[in-house]
Amino acid sequence: MALEITDATFEEVVLKSDKPVLVDFWAAWCGPCRMVGPVIDQISEEYQGKAVIGKVDVDAHQEFAAKYGVRNIPTVLVFQNGEVVGRQVGVAPKNTYTEALDALL
């Protein structure tokens with residue numbers, strides 16, 4: 001299961017991580033988000049210990065969605081050393097996300 005990231009934990013979990021971080025910005029009412037969710041959960045199991053995989057519910061936690069210009073969901077951002085190094089808007093196949101992580105490992 002992917003880690004639930006909130007505005008309160010974002011800086012510690014994402015920006016200060018020494019591992020690559022993949023963050024899925026989503027909302028419960030978003031159909032495409034429900035398609036991406038299980039894929040993100042799979043990736044979180046496969047990359048356990050190698051990368052941090054998390055989700056931000058944009059309805060409940062808007063600060064960092066706004067900061068990173070997330071206007072459409074799902075949006076998946078990849079961070080390394082506190083910087084955005086990848087962005088995927090909309091539904092994409094699993095390998096799109098894993099290749100972005102593999103490039104950083």
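As the structure is a computational prediction, the values presented were derived from the model and not from experiment.

K.L.:
Which parts of the structure should I look at to understand the state of the cysteines?
P.N.:
In protein structure, a disulfide is the covalent linkage between the sulfur atoms of two cysteines. Taken as a whole and assessed by the stated rule, the structure comprises one disulfide. A sulfur-sulfur separation of 2.4 Å characterises the disulfide bridge that pairs C30 with C33. Taking the sign of the S-S torsion, about 80° here, the bridge from C30 to C33 comes out right-handed. Taken individually, C30 and C33 each receive the classification buried, so the pair is uniform in this respect.

K.L.:
For this particular structure, what's the right way to read the sheet that holds strand 4 (residues 75-80)?
P.N.:
Across the sheet, which stays open at both edges, the five strands sit in the order 1-3-2-4-5 with mixed pairing between neighbours. What marks the edges here is a single partner per strand, and that holds for strand 1 (3-4) and strand 5 (83-89). In this sheet, strand 3 (residues 52-57) lies alongside strand 2 (residues 21-26) in parallel orientation, the contact comprising six bridges. From the neighbouring strand, V21 faces strand 3, where its bridge partner is V52. Relative to the sheet, helix 2 (residues 31-46) contacts strand 2, strand 3 and strand 4, its axis offset from that of strand 3 by approximately 155°. The strands that helix 4 (residues 94-102) touches are strand 2, strand 3, strand 4 and strand 5; relative to strand 4, the one it contacts most, it runs at about 10°.

What counts and how
Residues numbered from 1 in each chain as written. Predicted model: local features only at pLDDT ≥ 70, side-chain atom pairs only at ≥ 80, totals over all residues. Heavy atoms only, no water. Disulfide = S-S within 2.5 Å. Buried < 20%, exposed > 50% of the residue type's maximum accessible area, 1.4 Å probe, protein only. Pairing = 2+ DSSP bridges. Helix = DSSP H or I, 4+ residues; strand = E, 2+ residues; numbered from the N terminus. Contact = heavy atoms within 4.5 Å. Axes fitted to C-alpha atoms, helices over the stretch in contact; angles between N-to-C directions.

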